[in-house]
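Per-entry structural report
Given next are the chains, with one letter for each unit.
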Amino acid sequence: MLIGQSSDQGSPVGESALKILTLHREVLVDQVKNTQCILDNLLSSGFVCNEDVEIIQRCTTKTDQVRNILELVQSKGEEASAYFIHILHEAYDAFIDLRPWFKDIDYKPSEFVQQLPVVNTDPISKYCEKLRHDLGRDTRFITSYSQREETRLEELYTDTQMEILNESNESQGYLENLDDLIGEKGVFNQDAETIFVTGDAGVGKSIMLQKLQNLWSKRELDTRAKFFFKFRCRMFSAFKETDEISLKDLIFKHNCYPDMDPDNEVFSYILRFPETVIFTFDGYDEIHSDFDLSNLPEVVSPEERTHPLLVLMNLLCGKLLKGSLKVLTARTGTEVQNRVVRKRVILKGFSPNHLQRYTALHFPDREHLALVTMQLDASPHLGGLCSIPLFCWIIFKSFKHLQSVYSDIDLPGSCVTLTSVFLLLSEVFLSRSSPPGLLKRSTRCTADTFRAGGQVLTAYAHLALLGMVENRFVFQQEDVTSCGLEEDDLQIGYIRTVSQYDGCGSAATFEFLHVTLQSFLAAFALVLDKDSDPSEILKFFTQCEYRKRSRFPCASCLGRSQPRDKDPFKTNEHLQFINLFLCGLLSKPNRSLVEQLVPPLLLKKKQSLLKTYLSNSVKLHLRSLPRYKSEFEGTKVHAMSTFVWMVRCIFETNSEDVARLAAKGISGDYLKMAFCNIFSADCSAINFVLHHYSKSLGVDMDNNNISDYGVKQLRPSFSKMTVVRLCVNQITDCSIEVLAEELIRYKVVKTLGLYKNQITDAGAKLIGQIIEECPRIHTLKLGLNKITSIGGQYLASGIKKSKSIFDVGMWGNTIGDKGAEAFAEAMKNHTSLTNLSLSANEITSEGGRYIAEALKNNSSLHIFWLIGNKISDEAASDLSEAIKMNRALTHIMLIDNQFSVHGAKVLAEGMSHNTTLKEINLKGNLVSEEEEKHFEAEPRLRFH
Ligand SMILES: Nc1ncnc2c1ncn2[C@@H]1O[C@H](COP(=O)(O)OP(=O)(O)OP(=O)(O)O)[C@@H](O)[C@H]1O
């Protein structure tokens, strides 16, 4: 009997099973842990008898048992040996450690052996199988807006951007795939076990986990984890204060029960091998608890019972089941201490490429696809919203509906707010409840749909508000009924069933399709309410002004959401969204629609209350922003992410008055909005405020997630921007086209910051034109883009002609020697350029010689950064000559190049003729510590 081939040992194709067992005996003795399953199968297939089994079971250690089994099957011949190997192969989870070995021997079972059945009798494997089966079943579909319309995960799932951060929250690049998420990439704390993933509402955190679970269930995730337990954090707040569970209960009762495991083998295995377990906990921000658990002991025993929240916290901290991996998701702004976090990941939604792929999945018809793509391109407001998968999905669903009803895809007007998107979604939902045939444009307009669906909408809004007031996201049947919702109404799609009535007393529970949808409806409830005092609409604004300290001790040890102070724009996101939607629903453009449901006088009253409140808060907020004076940029105003929330609310109100007020309140020369979690869609809102700013303004939006859509939305504001800082923002050449048009038209720009984006040579060409044609530009930051020698030449040509530029940063591109030659040409007789960085640009001595030549004819440059290139002794004498003649340079940074002691001597010689130079830094070159001593007489030549 011949099977497989041993690739690495060069054995002939078709190795005999007997020989394999002899050759690989050591691996097998070492890796095979489960003998019962092997014996069960050998026995039932008749290769061994009961007596054989008994003898083997008498061995006390597993290793001895394996040795004896090996001897036994080998003594029984080739067929028994082949079947033995086949058992190891087929009982997958029981022998998971052998998977690499099978790959190594390129295992191919013979026809004979394939006909013999293998039953996996190992309880642990059976449990793993059950877990995989359950997870596979539970994750197969993305639940769409009605239970009738589920879409297969694989038909719609599209990758999103996963940015890794270090412990100081600085970007470390992007993860490629979900294997990377649970892998070693980006780990900054080896002692911690929790991978912490944050992201804005609807950015796809849950779907990302769903995909992770689905991949694991299909064995397509690169992990050796045998157990995968998924939980939603909101379940932990659903327990009563007196409820108690153990880790074992959590896993078995609240996730998956092991059938037929009388000896408790599964749990023992989990405790023995915690590294084989992955947990996912979705929505840490959804834990709302005022329980005082401080008197409870911190349980660390897996069998001991305590409050479920403590079990969760102890798991995350690694006090329970140490060694297991946890993936925890939460909305942006939720903080967890670094000591608990293994790595930090931020989900950033769809990039333009992802969006293209996602659009194609939604619109397989080419014509529709082209139409939708064209419309999205034409409307950056929509494109911006679409970078967030949830909004994208809502928009696409609504378009499909419009298309089916009106036979064309007609996008909403140019000023699309989040409220308008959710109104559109509501229109789609409510029109579902109408009798068929009434959906034609001629018979039912938007106002009619809302009027007809008013009762159902009110009932849902009531339910949503009830939940928000009580911090609840899961509803019982009684809640649903008490709000006036009937069986048929549940089909509309606002809510979905979390758990079905199980016939044993557990009633069905429900939740809103998405928390943001619940926020939208809660805001609607405030608008619709005719009984309470109108000022009640402000209750979530005012509620946010004050917040009780969390009494939850473990939560505070992990670090909960950022503490709220009296700033009304600082709060939990779902409450912020209520405020945002309230602004949208009470805005002028929506008046005629809302008037269908609320008496006009009451509506007016609410509108004016909101406007007054907002105006006062805006004034207060802007006055409280930190400001400081800087020598070159005037008064700098430092905005925080709460400022962005304020701007979002103003945009939703569509009130030019409040926007004007906000613009006036900025009253500075420079607005710093770096690290504010600004998404592309927010740029419409920022533009809405900034277009009222009458003076010119520097704007720093570094380190956000603006992307090309955002830049398009900011287009009108570039006319007044003296500083345009868009570093680390996923910007490509498309944005540079917009910038070039606007900046060249208005010529006011002084600083252009585009560090760490995705700009290529095409973009560099346009930036070259900006430099050439904008007479005030003095600073350009283009490091870490994708600019080669071609782009370098364009930029250099612009710099050569500019009389204003004095600081250029090109670190981390690849302009090479050709680019260096062009920059050298630009430097010659330049009058303004004082700081230049061509660091890490693959420049060799050839480029170094061009640069040296240029330095002989330059009297402007003070600091020259050439770190991390490949310049060596071959350029030393040219540089030395240049140094002798140059009278402007103070610092030449040649760190991490390839100069030896010889080159260093030549440079030192040049320095002796130059009194202006303060430093040439040769740290990280090829000069030994011993050799450094030769240069003690020239302290300006530094090696450290
Ligand atoms: N990667 C993705 N591919 C396709 N669709 C996605 C993806 N991510 C999200 N979606 C769509 O967006 C919707 C919302 O996503 P999800 O519930 O995962 O957001 P979330 O980040 O967990 O939001 P929240 O913080 O409010 O819980 C999904 O129901 C799905 O329709």
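As a starting point, this report considers the structure included with it. Owing to the predicted nature of the structure, the values given are computational and were not obtained by experimental measurement.

Around the ligand, 18 residues are found, and the nearest of them are Thr-158, Lys-205, Ser-206, Arg-331 and His-514. For the ligand, a nitrogen atom lies 2.7 Å from a polar atom in the backbone of Thr-158. Between Leu-390 and the ligand, the recorded distance is 3.3 Å, taken from a backbone N or O atom to an oxygen atom. For the shell around the ligand, the elements supplying multiple residues, two or more each, are helix H12 (205-217) and helix H20 (389-406). Partitioned by chemical class, the residues of the shell around the ligand number 9 nonpolar, 6 polar and 3 charged. In this structure, the shell around the ligand is formed jointly by two domains, domain 2 (128-347) and domain 3 (352-452), each of which donates at least three residues.

Chemically, a disulfide is nothing more than a covalent bond linking the sulfur atoms of two cysteines. For the coordinates displayed, the defined rule picks out 0 disulfides. There is no disulfide at Cys-649, and the cysteine sulfur nearest it, in Cys-583, is 4.1 Å away. Taking relative accessible area as the criterion, Cys-649 reaches 0% and is therefore assigned buried.

So, about the nonpolar core. Residues Leu-181, Phe-227, Phe-396 and Leu-739 are the most contacted members of the largest nonpolar core, which totals 257 residues. Sorting elements by how many residues they give to this core places helix H25 (residues 515-528) first, with 11 residues. Other than its neighbours up to four places away in sequence, Leu-739 contacts Val-711, Phe-718, Val-724, Leu-726, Ile-744, Leu-752, Leu-754 and Ile-770. Counting 36 residues, the second-largest nonpolar core is a separate cluster that includes Ile-20, Cys-37, Phe-47 and Leu-70.

Relative to the assigned elements, Val-53 resides in helix H4 (residues 50-58). Take Val-53: its relative accessible area is 10%, and that puts it in the buried class. Placed 13 residues apart in sequence, Val-53 and Asp-40 show a C-alpha to C-alpha distance of 8.6 Å. Setting aside residues up to four positions removed in sequence, Val-53 forms contacts with Leu-39, Leu-43 and Val-48.

For the rest of this paragraph, the subject is the side chain of His-354. Position of His-354 among the secondary structure elements: in helix H17 (residues 352-362). Each residue touching His-354, except ones within four places of it in the same chain, is listed here: Thr-158, Asp-159, Thr-160, Gln-161 and Gly-349.

Tracing the backbone shows Phe-229 in strand E8 (residues 227-232). Taking relative accessible area as the criterion, Phe-229 reaches 0% and is therefore assigned buried. Once the C-alpha coordinates of Phe-229 and Phe-279 are considered, the two residues, 50 residues apart in sequence, prove to be 4.8 Å apart. If we skip the residues at most four places from it in the chain, Phe-229 touches Tyr-127, Leu-131, Ile-251, Asn-255, Ile-270, Val-277, Ile-278, Phe-279 and Thr-280.

Residues of strand E5 (residues 162-165) alternate between two faces, with Met-162 and Ile-164 on one and Glu-163 and Leu-165 on the opposite face, all of them buried. As paired elements, E5 and strand E11 (residues 341-347) share 4 bridges and run antiparallel to each other. The partner of Ile-164 across the bridge, within E11, is Val-345. As judged from the 2 bridges shared by E5 and strand E6 (residues 171-174), these two strands associate in the antiparallel manner. The residue bridging Leu-165 from the neighbouring strand is Ser-171, located in E6. From the end of E5 to the start of E6, which pair antiparallel, there are 5 residues, and Asn-169 there has a positive phi angle of about 65°.

With that out of the way, let us pick up the pattern of salt bridges. What the rule picks out here adds up to 41 salt bridges. One salt bridge connects Asp-682 with Arg-648, and the closest N-O pair in it is separated by 2.8 Å. Linking Asp-682 in helix H33 (residues 682-690) with Arg-648 in helix H31 (residues 641-653), this pair joins segments that are 34 residues apart in sequence. The class of Arg-648 is buried, set by a relative accessible area of 13%. Of the charged contacts, one joins Arg-715 and Glu-742 as a salt bridge, the two residues approaching to 2.8 Å between their closest N and O atoms. Within this pair, whereas Arg-715 is found in the loop between helix H34 (707-713) and strand E19 (721-725), its partner Glu-742 is found in helix H35 (residues 733-746), the two being separated by 27 residues in sequence.

This next bit is on H25. For H25, spanning 14 residues, the distance from its first C-alpha to its last is 20 Å, which sits close to the expected 20 Å at 1.5 Å a residue. Among the 14 residues that make up H25, 14 are buried, leaving the element largely enclosed by the rest of the structure.

Remark: the empty space left among the atoms is shown by a probe the size of a water molecule rolled over them. Tallied over the entire structure, the rule returns 5 cavities of 30 Å³ or more. Approximately 290 Å³ is the volume found for the largest cavity. Along its surface, the largest cavity is lined by 22 residues, and Phe-391, Leu-418, Arg-648, Ala-681 and Asp-682 are the ones closest to its centre. Secondary structure elements with two or more residues in the lining of the largest cavity: helix H19 (380-386), helix H28 (573-585), H31 and H33. Here the lining of the largest cavity gets 4 residues from one element, more than from any other, and that element is H31. Broken down by class, the residue content of the lining of the largest cavity amounts to 13 nonpolar, 4 polar and 5 charged.

Scoring rules and cut-offs
Residues numbered from 1 in each chain as written. Predicted model: local features only at pLDDT ≥ 70, side-chain atom pairs only at ≥ 80, totals over all residues. Heavy atoms only, no water. Near = heavy atom within 4 Å. Polar contact = N/O pair within 3.5 Å; in protein donor to acceptor, adjacent residues only side chain to side chain. Helix = DSSP H or I, 4+ residues; strand = E, 2+ residues; numbered from the N terminus. Nonpolar A, V, L, I, M, F, W, Y, C, P; charged D, E, K, R; others polar. Domains from an automatic or database assignment. Disulfide = S-S within 2.5 Å. Buried < 20%, exposed > 50% of the residue type's maximum accessible area, 1.4 Å probe, protein only. Core = buried A, V, L, I, M, F, W, Y, C linked by side-chain atoms within 4.5 Å. Contact = heavy atoms within 4.5 Å. Pairing = 2+ DSSP bridges. Salt bridge = Lys/Arg side-chain N within 4 Å of Asp/Glu carboxyl O. Expected span 1.5 Å × (residues − 1). 1 Å grid on protein atoms, 1.4 Å probe; cavity = no way out; pocket = protein on both sides within 12 Å on 5 of 7 lines; lining within 4 Å. Points joined across faces, edges and corners; volume = space filled by probe spheres on them.

Take it as geometry only, folks, not as evidence of what the structure does.
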